[in-house]
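Observations on chain architecture
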Amino acid sequence: VLASLPLQMMLYFNVYYFPVWCLAEGMMLQLKYHLLPWHYQFLLLTAFLILSLAEGSRLYLGYMGNLQEK
């Protein structure tokens, strides 16, 4: 079984675009955060944190799994 080159390339580029996405999303969240009611503030912050953690772990596991051929 060989490592998938197209998957590795997508993961490689996604690793570099993920911080850009986090920065842009964080800046947009900061700009509109104070204009929203408290329950939307909580939902947006929770969704941002969950998506960031899930994407980071997905990239790590995909990167390591593909390189180790799992």
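Reading the values: the criteria
- Residues numbered from 1 in each chain as written.
- Predicted model: local features only at pLDDT ≥ 70, side-chain atom pairs only at ≥ 80, totals over all residues.
- Heavy atoms only, no water.
- Helix = DSSP H or I, 4+ residues; strand = E, 2+ residues; numbered from the N terminus.
- Rg over C-alpha atoms; globule rule 2.2 N^0.38 Å.
- Buried < 20%, exposed > 50% of the residue type's maximum accessible area, 1.4 Å probe, protein only.
- Contact = heavy atoms within 4.5 Å.
- Areas by Shrake-Rupley, 256 points an atom, 1.4 Å probe, with all protein chains shown as cover.
- Phe/Tyr/Trp six-rings, centres within 6.5 Å; stacked < 30°, edge-to-face > 60°.
- Salt bridge = Lys/Arg side-chain N within 4 Å of Asp/Glu carboxyl O.

1. A closer look at the overall build of the chain
- Helix and strand counts for the chain stand at 2 helices and 0 strands.
- Its C-alpha atoms give the chain a radius of gyration of 16 Å, more than 25% over the compact-globule value 11 Å for 70 residues.
- For the chain, the spread of C-alpha atoms along the principal axes amounts to about 50 × 20 × 10 Å.
- Burial statistics for the chain: of 70 residues in total, 17% are counted as buried.
- Within the chain, contacts between residues at least 6 apart in sequence are counted, and of these 73% link residues at least 24 apart.
- Approximately 5,800 Å² of the chain is accessible, and the part contributed by carbon and sulfur atoms is 76%.

2. Description of the environment of Leu 5
- Turning to its location among the elements, Leu 5 is positioned in helix 1 (residues 5-33).
- It is 8.9 Å that separates the C-alpha atoms of Leu 5 and Asn 66, two residues lying 61 residues apart in sequence.

3. Quick notes on the packing of aromatic side chains
- In total, this model carries 4 aromatic pairs according to the counting rule given.
- Ring centres 5.0 Å apart and planes at 70° place the aromatic pair Tyr 12 and Tyr 16 in the edge-to-face group. Taken as a pair, Tyr 12 and Tyr 16 lie in helix 1 at a separation of 4 residues, close to a single helical turn.
- Their ring planes at 20° and their centres at 6.1 Å tell us that Phe 18 and Trp 21 sit as a pair that is stacked. Taken together, the residues span about one helical turn, with Phe 18 and Trp 21 both in helix 1 at a distance of 3 residues.

4. A closer look at the side chain of Gln 41
- With respect to the helices, strands and loops of the structure, Gln 41 is situated in helix 2 (residues 38-67).
- Leave out the neighbours within four places in its chain, and Gln 41 touches Tyr 33, His 34 and Leu 36.

5. Describing the pattern of salt bridges
- Applying the stated criterion across every chain yields a total of 1 salt bridge.
- The salt bridge involving Glu 55 is made with Arg 58; its shortest N-O contact spans 2.7 Å. Remark: Arg 58 and Glu 55 occur in helix 2; sequence separation between them is 3 residues, near one turn of the helix.

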